[in-house]
Amino acid sequence: MARIVMKFGGTSMAGIERIRNVAARVKREWEAGNQVAVVVSAMAGETDRLVNFCREASSLYDPREYDVVVAAGEQITSGLLAITLQALGVPARSWLGWQLPIHTDDAFAKARIGDIETGPLLASMEAREVAVIPGFQGMHEGRITTLGRGGSDTSAVAVAAAVKADRCDIYTDVDGVYTTDPRIVPRARKLKKVTYEEMLELASVGAKVLQTRSVGLAMKEQVRVQVLSSFTGENAPMADTLPGTMIVGEEEIQDVESQLITGIAHDKNEAKITLTSVPDKPGAVATIFDPLAAANINVDMIIQNIAHQSAGSASATDVTFTVPAADLARSIETLTQAKASIGFAELIQDTRVAKISVVGVGMRSHAGVAAAMFKTLGERGINIQAITTSEIKVSVLINEDETELAVRILHTAYGLDATDEAA
Ligand code: ADP
Ligand code: ASP
Ligand code: MG
């Protein structure tokens, strides 16, 4: 007997037929004698639909009310799954975020989970009732919060940590984590194992198969996470045979540094902002990034050009940086309000950009990864607009239209393509 958390994403929950399929899979685990908590997403496309309603209502919506609206999708699927399980003879009940409750901080629309009360939940699981928990939602001081897009993964890992589950199985529409998005590169290879650290970097630079926070939390709490497919038939191998990709500590992977690059990710959800002619003096950059931080906007890539001096005026420089595209309107508003204290001339925005990143712990011990990336892109005429690096990652910003091409040629250049036999 094991205690497991099963999480099903939007495509797995899209419609009653698919929910029946999910229920059958949950029933198999329950019949095997496991204690089961299930975390569900809204039906595919539903959260986008709800987000668009908020945007249509007002581009500068109140995040508290946004959370009330967008949390609704998961409420529906959790109730539907509980009903479907009951119809199959499996005792089940839903536990909404505010009922458990799942406490979060007050960062509405991207709240962080604090603690989860588990007493009644565990009692129900121990009494062989399947607990169905809507992902993505929590509460703060009596108000509903949501955890940021893709947040059901984080709900699942947090529940798994809170109930001390033996495993957290994330069921999705691909059968594991690949060297890159298999929808872009059909020759991508499935990884049997990937380290927490690499998965964290891959997720944070756009591999949306897992939400970044879920991986950070799994790493901190040492939750055993597996990514696997829900789109398999009745005779599919049981999850405890580990058919998917396990996220593991480095000690579980032999020869972790022999592979230079583990994966490549892309992200089209960033926007580029350039402020021209910012005064070149100490403290100037702080006047830009302080107000953005106060508005809870995460700045990612930053470039500051060399100062230039135009005739008769003080020395000035252009500062370029990226923010999440969803925060662009608020960023522009914040910067415009701070225009006098920053002292820039013009604000130029560009949403037609994409960030391409290569990730691998092997980079720590091998030089030349970045050079190979720049050369490969350069040879195909792809222009690089910004660069950032970390110990195990190199990212570049390029024109959005060149995303697929860039990912494909880098995948080949780093020797990641599946061979014909493996493909
Ligand atoms: P869910 O609705 O189940 O949460 P998501 O759409 O959030 O599913 O995540 C699964 C998708 O992630 C896949 O369909 C795939 O296109 C995409 N993806 C991006 N990068 C990767 C990768 N490296 N490996 C596997 N899938 C990836
Ligand atoms: N439904 C939410 C979203 O689409 C959360 C999730 O699916 O993980 O972002
Ligand atoms: Mg997801």
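Placed above this text is the structure.
Residues numbered from 1 in each chain as written. Chains lettered and ligands numbered in written order. Predicted model: local features only at pLDDT ≥ 70, side-chain atom pairs only at ≥ 80, totals over all residues. Heavy atoms only, no water.

Caption draft 1: Focus on the overall build of the protein chain. Counting its secondary structure elements, the protein chain contains 13 helices and 20 strands. Computed over its C-alpha atoms, the radius of gyration of the protein chain comes to 23 Å, within 12% of the 22 Å expected for a compact globule of 423 residues. Taken along the three principal axes of its C-alpha coordinates, the protein chain extends 80 × 55 × 35 Å. Taken across its 423 residues, the protein chain has 49% of its residues classed as buried. Sequence-distant contacts, at least 24 apart, represent 76% of the contacts inside the protein chain between residues at least 6 apart. Here the protein chain has roughly 18700 Å² of accessible surface; of this, 51% comes from carbon and sulfur atoms. Separation between the mean location of the 40 positive side-chain charges and that of the 53 negative ones in the protein chain comes to 3 Å. (Helix = DSSP H or I, 4+ residues; strand = E, 2+ residues; numbered from the N terminus. Rg over C-alpha atoms; globule rule 2.2 N^0.38 Å. Buried < 20%, exposed > 50% of the residue type's maximum accessible area, 1.4 Å probe, protein only. Contact = heavy atoms within 4.5 Å. Areas by Shrake-Rupley, 256 points an atom, 1.4 Å probe, with all protein chains shown as cover. Lys, Arg positive; Asp, Glu negative; His and termini not counted. Charge placed at Lys NZ, Arg CZ, Asp CG, Glu CD.)

Caption draft 2: Summary view of the sheet that holds strand β16 (residues 316–324). Taken in spatial order, the 4 strands make up an open sheet running β15-β16-β14-β17, and their pairing is antiparallel. Each having just a single partner strand, β15 (302–304) and β17 (347–350) make up the two edges of the open sheet. Ignoring strand direction, the axes of neighbouring strands in this sheet form an average angle of 15°. As defined by bridge partners, strand β14 (residues 270–279) adjoins β17 across 4 bridges and the pair is classed as antiparallel. Within β17, the position partnered with Ile273 by the bridge is Gln349. Strands β14, β15 and β16 of the sheet are contacted by helix α9 (residues 284–294), whose axis makes an angle of about 20° with β16. (Pairing = 2+ DSSP bridges. Axes fitted to C-alpha atoms, helices over the stretch in contact; angles between N-to-C directions.)

Caption draft 3: Structural view of the site of ligand 1. Taken together, 16 residues form the shell around ligand 1, and within it Thr172, Asp173, Tyr178, Asp181 and Arg183 come nearest. In the model, an oxygen atom of ligand 1 is placed 3.1 Å from a nitrogen or oxygen of the Lys7 side chain. Contact between ligand 1 and Lys208: an oxygen atom at 3.2 Å from a side-chain N or O atom of the residue. Here ligand 1 loses 89% of its free accessible area of 580 Å² to cover by the protein chains. Class assignment of the residues belonging to the shell around ligand 1 gives a composition of 6 nonpolar, 5 polar and 5 charged. (Near = heavy atom within 4 Å. Polar contact = N/O pair within 3.5 Å; in protein donor to acceptor, adjacent residues only side chain to side chain. Nonpolar A, V, L, I, M, F, W, Y, C, P; charged D, E, K, R; others polar.)

Caption draft 4: Spotlight on the packing of helix α6 (residues 152–162) against helix α8 (residues 212–221). At their nearest, the axes of α6 and α8 sit 8 Å apart, and the two run at 15° to each other. In terms of orientation, α6 and α8 fall into the roughly parallel class. Seen along the crossing, α6 lies across α8 with a hand that is left-handed. Contacts between α6 and α8 pair Asp153, Thr154, Val157, Ala158 and Ala161 from the former with Arg213, Ser214, Leu217, Ala218 and Glu221 from the latter. Among the residues forming the contact of α6 with α8, the class breakdown is 5 nonpolar, 2 polar and 3 charged. (Parallel < 35°, antiparallel > 145°, perpendicular 65-115°, else oblique. Left-handed = near helix turned anticlockwise from the far one by under 90°.)

Caption draft 5: Quick look at the site of ligand 2. Every residue near ligand 2 is listed here: Ser41, Ala42, Thr47, Glu74, Phe136, Arg149, Gly150, Gly151 and Ser152. Within the side chain of Ser41, one N or O atom sits 2.9 Å away from an oxygen atom of ligand 2. Backbone polar atom of Ser152 to an oxygen atom of ligand 2: 3.0 Å apart, as the coordinates give it. For ligand 2, the protein covers 86% of the area, taking 260 Å² as the surface of the free molecule. Its residues assigned to classes, the shell around ligand 2 shows 2 nonpolar, 5 polar and 2 charged.

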